[in-house]
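Spelled out, the chains give:
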Amino acid sequence: MNTAIVGHALRHDSALRHASGEARFLDDLPEPAGTWHAALALSPVAHGRLRGLDLPEGVRAILPADIPGQNDIAPIGHGEVLLAETLVEHHGQPLAILVAPTRDAALRAAAAARPRIETLPPVLSIEAALETGSFLVPPQIIAEGDVEAALAAAPHRLTGEFRAGGQEHFYLEGQIALAIPGEEGEMLVHSSTQHPTEVQHVVARVLGEPYHRVTVQCRRLGGGFGGKESNASWVAAAAALAARVTGHPVKLRLSRRADMAATGKRHPFLYRWQAGFDEEGRLLALDATLAADGGHSLDMSGGVVFRALTHALNCYGAPALRVLACAVKTNHVSNTAFRGFGGPQGALLMEDVLHRAAAQLGHDVESLRLRNLADRTPYGQRLEPALTRRVLAEAKADAEWDRLRAEAASFNAEHPTLRKGVGSFCCAFGIAFGIPHLNQAGALVHVYTDGSIRLAHGGTEMGQGLFIKVAQVVAEVFGMPVEAVGLAPTSTAEIPNTSATAASTGSDLNGWAAHAAAMAVRDRMAEVAARHLRCTPESLRFEDGHVLPPGGNEGMRFGELAKLCWRERVSLSATGFYRTPDIHWDAGRMRGEPFFYFTYGAAVAEVLLDTLTGEHRCLSAHLVQDCGRSLNPAIDLGQIEGAFVQGMGWLTSEELWWDGDGRQRTLGPSTYKIPGSRDVPPVLRARLLEGSEARAGALFRSKAVGEPPLLLATAVVNALRDATGVPSLGLPATAERLLAAIRNR
Ligand code: MTE
Ligand code: MOS
């Protein structure tokens with residue numbers, strides 16, 4: 001039996017069942033007898049006054065007046081409605097819930113609903129909202145030095161403006177919830193959610209019940225990517241409301257079209273900047289504005305803006321700067337968390353600045369990167385430029401940078417219409433929730449008398465491999481094989497008051513909480529074993545399924561000891577709790593150390609561009625990501641590859657499009673292009689930085705991996721800058737935009 005478990009490349013606990021189809025997602029659960037189905041009637045216009053709603057006969061329609069609690073689904077604060085009352089604020093906004101015994105009947109009824117809306121002019125651009133000062137998140141500023149004076153004194157001054165688009169999550173499993181009413185106002189909600197506790201709170205608020213009457217459960221999600229943090233909550237609340245009103249169990253599964261219309265996306269950003277450089281290409285001053293399109297309501301835009309702001313300088317620095325970030329209110333669907341949570345948008349700023357500076361000052365962008373690396377962020381947290389240099393150098397060595405550049409040059413000399421380009425990227429990504437109090441987690445560990453273990457924690461499994469990682473931690477503590485650890489669905493009844501599984505902190509937080517729970521049980525078991533084996537508890541080893549005293553004496557099997565503990569009436573169950581130490585933030589001064597540590601990553605990408613059509617392919621990508629001492633290298637590599645391809649989609653092909661009336665017209669895969677298997681670069685080499693070790697206090701010295709590698713796709717954009725010869729590109733760099741960029745060069 002091999003029990004050196006943490007650090008091993010074990011496969012995802014559900015890998016085989018994912019492949020065979022045996023893994024049960026919410027819609028695969030048997031429906032309770034009498035289950036009804038819900039569908040949403042959505043607004044056909046972006047902005048207007050709701051005068052009435054004509055509904056088809058013969059189905060149950062649920063309107064704001066039917067809400068027993070509050071018509072309020074805000075994840076933070078108050079004032080975001082589940083169903084529009086008088087004001088309609090975006091195309092696709094839910095107006096009513098239609099409930100019927102079959103899903104088809106509910107969908108037909110929703111499609112037949114005819115709202116009467118007096119239209120108002122919609123606000124559809126970041127510029128328009130900035131002009132009227134319509135902010136969801138007022139400007140937050142990080143400043144240092146006298147930026148005006150530094151700009152005025154700089155030998156070279158540059159300005160830039162560009163934008164990055166949003167992104168639809170396109171989780172394979174759409175938003176879904178099943179609400180089962182019980183006695184006395186109880187509600188059991190199965191939800192595909194990253195945040196069971198928030199589902200509990202929002203359902204309770206809408207139903208007007210105390211939290212204890214609502215139980216939320218989730219075994220797994222078919223992908224979340226941030227899209228099932230706040231948005232899963234209102235979907236579940238709609239199902240629970242319908243269940244309360246009808247008395248039936250109610251399932252709400254959004255169609256892909258409704259999902260894309262009614263749920264939030266990654267925030268699009270508009271960037272405006274002014275920079276001063278010296279002759280050597282050192283950044284002397286930077287004055288930048290980052291404005292996010294928050295959509296019609298706040299949701300989590302405050303957090304997204306904060307992360308964009310804290311990542312706007314990425315791993316670089318400037319002696320004088322002022323970076324302002326805000327989110328404006330528009331008549332778009334309310335934008336939300338998406339892998340990276342504003343960090344990827346923040347890090348785009350310096351790429352534009354450095355590439356423009358390189359072009360204008362006649363420098364190589366690679367030398368500008370190295371020249372401008374910083375050893376601390378503008379808000380005062382320490383960075384490790386040596387690690388940035390290392391990941392970048394290793395990615396370049398893996399890709400054979402010089403050979404790649406030379407080959408691209410000779411290829412381009414021979415081909416009149418095809419062009420190759422090569423680009424690099426490196427980044428520092430902060431790990432922790434930006435809001436300090438969210439950095440906490442709980443776990444519950446039972447040992448049964450046969451020595452098998454049940455593990456529950458507050459994190460959700462969305463494909464990222466959290467459950468296997470936390471199981472590895474618990475198996476390690478008990479010296480048991482990972483198969484001895486049974487994985488429980490996430491439930492608010494078992495672990496209360498949790499944070500979302502988000503900000504890449506899932507394994508850090510829940511791993512430590514589970515570690516604490518397992519250690520508490522192990523300590524009690526060790527007391528019992530020590531008495532029987534005549535040694536001290538501290539001298540015992542839990543190894544290979546055994547508990548062993550010192551000196552090579554025979555110990556006992558773990559299961560035997562569990563039974564012994566039970567006979568001696570010693571508890572074999574414990575909760576564990578963890579809160580991240582050391583993090584702090586002073587919002588008045590905009591200074592602090594909001595992150596527990598940074599992860600570093602770098603990439604090199606090579607593209608081939610057709611200058612006649614604007615189409616391109618990424619031919620190769622070499623990625624190096626610092627995962628510290630990885631808990632599970634197989635899982636981490638999968639995360640790096642997946643995040644990179646998802647990032648490529650965001651930056652190159654996925655374009656959300658609204659018509660002049662503010663109707664979203666990209667509501668399915670026919671009009672919205674996510675990467676397919678053939679968009680994956682034929683050469684995709686990802687690896688973990690070797691010999692790396694996270695700071696003391698990190699879980700087995702590992703580092704988080706969920707979001708950071710998404711940023712590495714920026715290397716593809718940089719390769720496209722190289723191929724087009726255009727240093728500043730609008731994003732996503734679709735064929736259309738690239739063609740225009742080449743024409744206007
Ligand atoms: N990987 C898969 N397969 N599916 C997902 O939905 N979500 C990402 C990332 N990796 C996601 C994923 C996002 S947005 C985050 S924040 C992290 O996983 C959350 O999980 P973790 O904290 O356990 O890494
Ligand atoms: Mo991830 S965007 O923090 O769910």
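Definitions and limits used
Residues numbered from 1 in each chain as written. Chains lettered and ligands numbered in written order. Predicted model: local features only at pLDDT ≥ 70, side-chain atom pairs only at ≥ 80, totals over all residues. Heavy atoms only, no water. Axes fitted to C-alpha atoms, helices over the stretch in contact; angles between N-to-C directions. Helix = DSSP H or I, 4+ residues; strand = E, 2+ residues; numbered from the N terminus. Parallel < 35°, antiparallel > 145°, perpendicular 65-115°, else oblique. Left-handed = near helix turned anticlockwise from the far one by under 90°. Contact = heavy atoms within 4.5 Å. Nonpolar A, V, L, I, M, F, W, Y, C, P; charged D, E, K, R; others polar. Pairing = 2+ DSSP bridges. 1 Å grid on protein atoms, 1.4 Å probe; cavity = no way out; pocket = protein on both sides within 12 Å on 5 of 7 lines; lining within 4 Å. Points joined across faces, edges and corners; volume = space filled by probe spheres on them. Domains from an automatic or database assignment. Core = buried A, V, L, I, M, F, W, Y, C linked by side-chain atoms within 4.5 Å. Buried < 20%, exposed > 50% of the residue type's maximum accessible area, 1.4 Å probe, protein only. Expected span 1.5 Å × (residues − 1). Salt bridge = Lys/Arg side-chain N within 4 Å of Asp/Glu carboxyl O. Polar contact = N/O pair within 3.5 Å; in protein donor to acceptor, adjacent residues only side chain to side chain. Near = heavy atom within 4 Å. Areas by Shrake-Rupley, 256 points an atom, 1.4 Å probe, with all protein chains shown as cover. Phe/Tyr/Trp six-rings, centres within 6.5 Å; stacked < 30°, edge-to-face > 60°. Lys NZ or Arg CZ within 6 Å of the ring centre and 35° of its normal.

A. Spotlight on the packing of helix 5 (residues 196–207) against helix 6 (residues 231–246). Interhelical geometry of helix 5 versus helix 6 gives an angle of 40° and a closest axis separation of 8 Å. With respect to each other, helix 5 and helix 6 are oriented oblique. In terms of crossing hand, the pair formed by helix 5 and helix 6 is right-handed. Contact with helix 5, carried on its side by Glu198, Val199, Val202, Val203, Val206 and Leu207, involves Ala232, Ser233, Ala236, Ala237, Ala240, Leu241 and Arg244 of helix 6 and no other residues of that element. Residues belonging to the contact of helix 5 with helix 6 are distributed by class as follows: 10 nonpolar, 1 polar and 2 charged.

B. Region of interest: the sheet that holds strand 19 (residues 485–487). Taken in spatial order, the 4 strands make up an open sheet running 19-18-17-24, and their pairing is mixed. Edge positions in the sheet fall to strand 19 and strand 24 (573–579), since each has one partner strand and no second. Across this sheet, the average inter-strand angle for adjacent strands is 25°, counted without regard to direction. Note that strand 18 (residues 453–457) and strand 19 share 3 bridges and pair parallel. Across the sheet, the residue bridging to arginine 454 is glycine 486, located in strand 19. Where helix 14 (residues 506–533) meets the sheet, its contacts fall on strand 17 (440–447), strand 18 and strand 24, and the angle it forms with strand 24 comes to roughly 140°.

C. Region of interest: empty space enclosed by the protein. Using the criterion set out here, one finds 5 cavities of 30 Å³ or more in the structure. Lining of the largest cavity is provided by Gln440, Ala441, Gly458, Gly459, Thr498, Ser499, Ala500, Thr501, Thr505, Gly506, Leu509 and Asn510. Estimates place the volume of the second largest cavity at around 40 Å³. Among the residues making up the lining of the second largest cavity, the classes are represented as 5 nonpolar, 3 polar and 1 charged. Counting the residues that make up the lining of the second largest cavity, at least three belong to each of domain 3 (385–435 + 593–745) and domain 4 (440–579).

D. Fine view of the nonpolar core. Ranked by internal contacts, the top residues of the largest apolar core, which has 156 residues, are Leu286, Leu290, Phe478, Met525, Leu561 and Phe644. Here the element with the most residues in this core is helix 14; it accounts for 12 residues. Beyond its immediate sequence surroundings of up to four residues, methionine 525 is in contact with Val447, Phe478, Phe542, Phe558, Leu561, Ala562, Cys565 and Leu572.

E. Focus on the layout of surface pockets. Its volume calculated, the second largest pocket comes out at about 950 Å³. Forming the boundary of the second largest pocket are 42 residues, of which Ile76, Met300, Ile435, His437 and Leu438 lie nearest the centre. Taken together, the residues of the lining of the second largest pocket break down into 22 nonpolar, 15 polar and 5 charged.

F. View of helix 9 (residues 343–361). Along its 19 residues, helix 9 runs 28 Å from first to last C-alpha, staying within 8% of the 27 Å computed at 1.5 Å per residue. Most of helix 9 is tucked away, with 16 of its 19 residues classed as buried.

G. Representation of the domain arrangement of the protein chain. Under the domain assignment, the protein chain is made up of domain 1 (31–121 + 169–262), domain 2 (123–166 + 265–374), domain 3 (385–435 + 593–745) and domain 4 (440–579). For domain 2 and domain 3, the distance between their C-alpha centroids amounts to 19 Å. Each side of the interface is counted separately: domain 2 has 36 residues, and domain 3 has 44 residues. Taken together, the links from domain 2 to domain 3 amount to 2 salt bridges. Between lysine 396 and glutamate 366 there is a salt bridge; the shortest N-O distance is 2.5 Å. Scanning the region where domain 2 abuts domain 3 turns up 18 residue pairs in polar contact (both at pLDDT 80 or more). Only strand 8 (156–164), helix 8 (301–310), helix 9 and helix 10 (365–371) provide two or more residues apiece to the side of domain 2 that touches domain 3.

H. The sheet that holds strand 8, seen in detail. Here 5 strands make up an open sheet; going across it, the order is 7-15-14-13-8 and the pairing mixed. The sheet is open, and its two borders are formed by strand 7 (135–144) and strand 8, each paired with just one other strand. Pairwise comparison of adjacent strand axes, ignoring direction, gives a mean angle of 10° for this sheet. Relative to strand 15 (residues 320–328), strand 14 (residues 283–293) is paired through 9 bridges, and the arrangement is parallel. Across the sheet, alanine 292 pairs through a bridge with alanine 327, a residue of strand 15. Helix-sheet contacts for helix 8 involve strand 7, strand 13 (269–277), strand 14 and strand 15, and the interaxial angle to strand 7 is about 20°. Strand contacts of helix 9: strand 8, strand 13 and strand 14, with the helix running at about 45° to strand 13, the strand carrying the most contacts.

I. Summary view of the site of ligand 1. As a matter of local geometry, ligand 1 sits amid 19 residues, with Gly224, Phe225, Met462, Gly506 and Gln639 nearest to it. A distance of 3.5 Å separates a nitrogen atom of ligand 1 from a polar atom in the backbone of glycine 463. Take glutamine 464: an N or O atom from its side chain is 3.1 Å from an oxygen atom of ligand 1. Relative to its unbound accessible area of 520 Å², ligand 1 is 92% covered by the protein chains.

J. Spotlight on the packing of aromatic side chains. Within this structure, the stated rule accounts for 11 aromatic pairs. Taking 5.9 Å as the distance between ring centres and 35° as the angle between the ring planes, the aromatic pair formed by phenylalanine 269 and tyrosine 271 counts as tilted. The residues phenylalanine 269 and tyrosine 271 share a single accessibility class, namely buried. Note on tryptophan 512 and tyrosine 578: the rings are 5.9 Å apart at their centroids and 25° apart in plane angle, and the pair reads as stacked. Taken together, the residues tryptophan 512 in helix 14 and tyrosine 578 in strand 24 connect sequence positions 66 residues apart. Residue tryptophan 512 is classed as partly exposed on the basis of its relative accessible area, which comes to 23%. A connected cluster of aromatic rings, assembled from ring pairs, spans Phe306, Tyr379, Trp585, Phe595 and Phe598. Above the plane of the ring of phenylalanine 25 lies arginine 220, whose end atom (NZ or CZ) is 5.6 Å from the centre.

K. Looking closely at the pairing of strand 17. When you tally the buried positions in strand 17, you get 7 out of 8 residues, the bulk of the element. Pairing geometry for strand 17 and strand 18, over 5 bridges, is antiparallel. Residue pairing across strands places valine 445 opposite leucine 455, the latter belonging to strand 18. In textbook terms, the turn of a hairpin is the stretch between consecutive antiparallel strands, and for strand 17 and strand 18 this stretch comprises 5 residues, one of which, glycine 451, has a positive phi near 90°.

L. Just the environment of glycine 222, in detail. Here glycine 222 lies in the loop between strand 11 (214–218) and helix 6. Sequence separation between glycine 222 and glycine 174 is 48 residues; the distance between their C-alpha atoms is 7.7 Å.

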